[in-house]
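If you want the building blocks of each chain, they are given just below.
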Amino acid sequence: MGTSLKGRTIVMSGGSRGIGLAILTAAAREGANAVFLAKTDTPDPRLPGTVHTAVATIEAAGGSAVAVVGDVRQEADVERAVATALDRFGGVDICVNNASALDVRGTEELPLKRFDLMQAINSRGTFVLTRACLPYLKRSDHAHILTLSPPINLAPRWLGAHPAYTLSKYGMTLLTLGWAAEFADHGIAANCLWPQTMIATAAVTNVLGSESASRSRSPEIMADAALALLSRPPHEQTGKTLIDSDVLGQAGVTDLARYGGGDHPELDLFVDQPRVG
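Conventions we followed
Residues numbered from 1 in each chain as written. Predicted model: local features only at pLDDT ≥ 70, side-chain atom pairs only at ≥ 80, totals over all residues. Heavy atoms only, no water. 1 Å grid on protein atoms, 1.4 Å probe; cavity = no way out; pocket = protein on both sides within 12 Å on 5 of 7 lines; lining within 4 Å. Points joined across faces, edges and corners; volume = space filled by probe spheres on them. Helix = DSSP H or I, 4+ residues; strand = E, 2+ residues; numbered from the N terminus. Nonpolar A, V, L, I, M, F, W, Y, C, P; charged D, E, K, R; others polar. Pairing = 2+ DSSP bridges. Axes fitted to C-alpha atoms, helices over the stretch in contact; angles between N-to-C directions. Contact = heavy atoms within 4.5 Å. Buried < 20%, exposed > 50% of the residue type's maximum accessible area, 1.4 Å probe, protein only. Right-handed = clockwise from strand over helix to strand, strands pointing away.

Quick look at empty space enclosed by the protein now. Throughout the structure, instances matching the rule amount to one cavity of 30 Å³ or more. Each pocket or cavity is described by its volume, and for the largest cavity that value is around 70 Å³. What lines the largest cavity is His-144, Ile-145, Leu-146, Asn-191, Leu-229, Leu-230, Arg-232, Pro-233 and Gln-237. The set of elements that each furnish at least two residues to the lining of the largest cavity consists of strand S5 (144–147) and helix H9 (220–230). Here the lining of the largest cavity is built from residues that sort into five nonpolar, three polar and one charged.

Shown next as structure tokens:
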């Protein structure tokens, strides 16, 4: 049985567009507060949206939002975001590790600078944000850590496809599963959520092209799945790597057509075809 997120405070890395913004907007409809740390203070010609347009979108949906302009790689910026949540809303109930860098080039093609960027934003950023939130999550009676990272699939086709990116994303997952165990006695749920299919965000279109985007579902499917997870009492589910369509199925939502992607949407990275029979 879910509980309302009204008055709950979410701290998120990223969130000015894409899946992160969709999650914050869905939570805002239930009256949640949002503090998000993102870099886009002025428009980027390649990607729509800034922290300012994101705040307007979240508040129009019914929540309160504060954007902190900064970088999840900088500890001082992360601490500032958490301090803002305390100052404005009195605490932190939910930590969402959303910020992520994507580069699927192979080992010989990937510049070391891009390798470092992915590890710094994905794995290290997840560690920095969660670590900063933990003292306040311990005080919440509805404490959740939600990381947008995949199930750990050790099939050679995934391990060999883009080892550097895979390391960074699996690092996010391992940390989150570790926190589920480390903080179990504090009543903090820690789970990972990953889309079954590609999601039609500007970043995906830029990297993978418009044809992939047409076979991708909308960010709202991840938002609805995240909301279903975050509305549960923390003791109900922790230490899991979950797929959006499975979470919605458990919540009784089986018709996913409204999220787009056509009859045969493209599966996301690390997701294998479901077995028949």
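Anyway, onward from the coordinates.
Tracing the chain through its elements places Asp-116 in helix H4 (residues 112–137). Residues Asp-116 and Ser-168, 52 residues apart in the sequence, show an inter-C-alpha distance of 9.6 Å.

As a further point, take the sheet that holds strand S1 (residues 9–13). Ordered by their spatial adjacency, seven strands build an open sheet running S3-S2-S1-S4-S5-S6-S7, and the pairing between neighbours is parallel. The sheet terminates laterally at strand S3 (64–69) and strand S7 (241–243), the two strands that pair on one side only. Across this sheet, the average inter-strand angle for adjacent strands is 20°, counted without regard to direction. Sheet contacts for H4: S1, strand S4 (94–97) and S5; angle to S4, the most-contacted strand, approximately 180°.

With that settled, the discussion passes to the layout of surface pockets. Here the second largest pocket defines a volume of roughly 160 Å³. Considering the residues around the second largest pocket, the lining is formed by Pro-151, Asn-153, Gln-196, Ile-243, Ser-245, Asp-246, Leu-267, Phe-270, Val-271, Asp-272 and Pro-274. Residue composition of the lining of the second largest pocket, by class: six nonpolar, three polar and two charged.

Judged by which residues are buried, S5 turns out to be covered on both faces: His-144 and Leu-146 on one side and Ile-145 and Thr-147 on the other are all buried. In this structure, S4 lies alongside S5, joined through four bridges in parallel fashion. Bridging from a neighbouring strand, Val-96 pairs with Leu-146 of S5. After leaving S4, the chain enters H4 and then returns to the sheet as S5, a path that is right-handed. Strand direction decides the pairing type here: S5 and strand S6 (residues 189–194), joined by four bridges, are parallel. Note that in S6 the partner of His-144 across the bridge is Ala-189.

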